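Fold and contact review
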Amino acid sequence: GIAPGFAAGGSGGGIRIDVETLSGTGSIAANGSAGNSFGGGGGGGRIAIYYQSVTGFNFSNVLAQGGTSTHAAGGGSGTIYLQGPGTESGELIVDNNGLVPVSLSTPIAGASTATLSLMHLRVRRAARVQINSVLSLAGTLEIATSGELVLGNSVAANTIVLSNNAILTHLPTTGSTLFRLDINAQSVQIDASSRIDVDGRGFFGAGQSSNPHGLRGMTLGFAAGSNLRFGGGYGGLGGTYPSSGFSNPVYGDFRNPNDAGSGGSSLESFNVAGNGGGLVRIVAQSLTLHGAIRANGGSATANAAGGSGGGIRLDAETLSGTGTITTNGGAGFLFGGGGGGGRVAIYYQNATSFDFSRVNAFGGNRGGVGAGEFGAAGTIYLQGPARESGELIVDNNNLAVASLSTPIPGASTATILLTHLRVRRAARVRADSTLNVTDVFEVASSSEVTASRVFAGTTTLTGGSILTHLATTGTTAGMVDVHSQVLTIDGTSRIDVIGLGHLGANKPGNPFGVR
């Protein structure tokens, strides 16, 4: 019943029905009761119905919703379990009738080492569900009408549908446990209002609860990362602050994003930096994306730096839709630098109706002019027809950053084979390995590439772009060696190695003093 005074509501109870034939126009309910004034609503109860046949009964009249409250949070949804012909593995429905509770308010019991096997799972009308077990569905995962599903483990289903402001995400990283969203399905469908969203669910930023590293961000291996208001790095380095600090190094494989993003740093204990983005990996025959898949870095909420973007890998036979895929760095606040961009890799066979310009791994915005700087671009890797060796794109959306701020991991003795390499819009790439680009090597729109050896079919430098080599040191001479069937440099661009030869007297690293 409704609580008196300022008290909270009670939860719904339990109902189990085992019946050969279920019929009629009635209802079955185990709803939470309402809280009074500042008392919270009671949580929904549990209903299970086992049947052999249904005649004229409407399962939408089965309810286990949370109770309302005037000024406090409403109760979380309970559970409805149906098992009968066509649902031999059971159908689990979590429906809160549009009442919005707090996140994780309907945890489905189960250890992380266990498997929850069902025919269908339906999360509807503002229900907020958490599942830690492996989720195995023979049929459909439906998240609809402002429903949210938070997973602590992988999910496999025949069909996954997100509609009407639905969200699918993973648990946030802790100080010792990294979560990820692993999805395997025949068909994944995401409408324009819905999203797979792991923004800010990677490694901790400075000042975040449970970050053991104080003013430093957390990075790969739960280690201490960026410091002194530098942004977190992953695919690109975090934005700088005018100090002696540093961003954590880039890490991971641009062809196979398999890591979360890193947190930003701070300079004072009372300021909070952004977390890194989380990690999404999807294998599907068909991915129809009209909404968003995103693993962006978290933005700083006080005088601190942004977290880096996270990781997204998609393997899809067919990719279509008008949606977006992003692993952008989070924004710094005031003097904080922006987070570096993350990593995206997409493997496909048919993507003729998808616009790859809607895939982004930009660095994050800086906190303010003359203070923190923008984060560096992350990486986008595409592999499919006409891109058999892959296309690597580094694009920073015209956010100017320091040279060498997007290093492409690889030893100087190694070779990186690509169909295309495109460095665009103020990106600053460093490649120590030999670049073997079978088709187009493009440096455009105020971008810069620092490399030692390049083989390409066509090389183009346009829009104020630069190709150069590393500066000579006391022990290593730099050079840029370009082999290209076609080389085009427009009137605003250049190959420029001015002042990068042997060291002058009294230059740092010159062992000969005044000579």
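Structure shown above.
Quick summary incoming for the structure in this document. (Residues numbered from 1 in each chain as written. Predicted model: local features only at pLDDT ≥ 70, side-chain atom pairs only at ≥ 80, totals over all residues. Heavy atoms only, no water.)

When helices and strands are tallied, the chain shows zero helices and 36 strands. In terms of its C-alpha atoms, the chain occupies a principal-axis envelope of roughly 95 × 50 × 35 Å. Buried residues in the chain amount to 54% of all 515 residues. Once local pairs closer than 6 in sequence are excluded, the contacts in the chain between residues at least 24 apart make up 61%. Counting every atom, the chain has about 20,000 Å² of accessible surface; 52% of that belongs to carbon and sulfur. (Helix = DSSP H or I, 4+ residues; strand = E, 2+ residues; numbered from the N terminus. Buried < 20%, exposed > 50% of the residue type's maximum accessible area, 1.4 Å probe, protein only. Contact = heavy atoms within 4.5 Å. Areas by Shrake-Rupley, 256 points an atom, 1.4 Å probe, with all protein chains shown as cover.)

On to the nonpolar core. Among the nonpolar cores identified, the biggest contains 53 residues, and Leu121, Ile196, Ile293, Ile325 and Ile346 are the most heavily contacted of them. Not counting chain neighbours up to four residues away, the residues in contact with Ile196 comprise Leu162, Leu168, Leu181, Ile183, Ile190, Val280, Ile282, Ala292, Ile293 and Arg294. Ranked by size, the runner-up nonpolar core spans 25 residues in total, among them Ala345, Ala377, Leu392 and Ala456. (Core = buried A, V, L, I, M, F, W, Y, C linked by side-chain atoms within 4.5 Å.)

On to the sheet that holds strand β34 (residues 466–468), then. Read from one edge to the other, the open sheet built from five strands follows the order β28-β30-β32-β34-β36, with strand pairing classed as parallel. Two strands in the sheet have a free side with no partner beyond their single neighbour: β28 (406–408) and β36 (494–495). Of the pairings in the sheet, the one linking β34 to β36 comprises two bridges and is parallel in character. By the bridge assignment for β36, Ile466 is matched with Arg494. (Pairing = 2+ DSSP bridges.)

Here we take up the packing of aromatic side chains. All told, the structure shown has 10 aromatic pairs when counted by the stated rule. Between Phe57 and Phe59 the ring centres are 5.6 Å apart and the planes differ by 75°, which places this aromatic pair in the edge-to-face class. In this structure, Arg229 is placed above the aromatic ring of Tyr241, and the distance from its NZ or CZ to the ring centre is 4.9 Å. (Phe/Tyr/Trp six-rings, centres within 6.5 Å; stacked < 30°, edge-to-face > 60°. Lys NZ or Arg CZ within 6 Å of the ring centre and 35° of its normal.)

The eight strands lie next to each other as β7-β10-β13-β15-β17-β21-β23-β25, forming an open sheet whose pairing is parallel. Two strands close off the open sheet at either side, each with one partner strand: β7 (106–108) and β25 (359–360). Pairing between strand β10 (residues 128–131) and strand β13 (residues 148–151): four bridges, direction parallel. Paired with Arg128 across the strands is Glu148, a residue of β13.

The next thing to look at is the environment of Ile160. As for its position among the elements, Ile160 is in strand β14 (residues 155–163). Separated by 127 residues in the primary sequence, Ile160 and Leu287 have C-alpha atoms spaced 9.6 Å apart. Those residues in contact with Ile160 that lie beyond four places of it in its chain are Leu141, Ile183, Ala185, Ser187, Val188 and Gln189.

Time to look at the side chain of Gln130. Topologically, Gln130 is positioned in strand β10. With a relative accessible area of 16%, Gln130 lands in the buried category. Within the structure, the side chain of Gln130 is placed 3.0 Å from the side chain of Asn132, a separation counted as a polar contact. Leave out the neighbours within four places in its chain, and Gln130 touches Leu104, Thr106, Pro107, Ile108, Val150 and Leu171. (Polar contact = N/O pair within 3.5 Å; in protein donor to acceptor, adjacent residues only side chain to side chain.)

With that settled, consider unusual backbone geometry. Within the chain, Asn398 stands out as a residue other than glycine whose phi angle is a positive 65°. Here Asn398 shows up in the loop between β27 (391–395) and β28. For Ser446, which is not glycine, the phi dihedral falls at a positive 65°.

Time to look at the pairing of strand β31 (residues 434–444). Judged by how many residues are buried, β31 sits mostly within the fold: eight of 11 residues are covered. Pairing of strand β29 (residues 415–424) with β31, which is carried by eight bridges, proceeds in the parallel orientation. Following the sheet pairing, Leu418 is matched in β31 by Val437. Note: β31 against strand β33 (residues 453–462), eight bridges, orientation parallel. Following the sheet pairing, Val440 is matched in β33 by Thr458.

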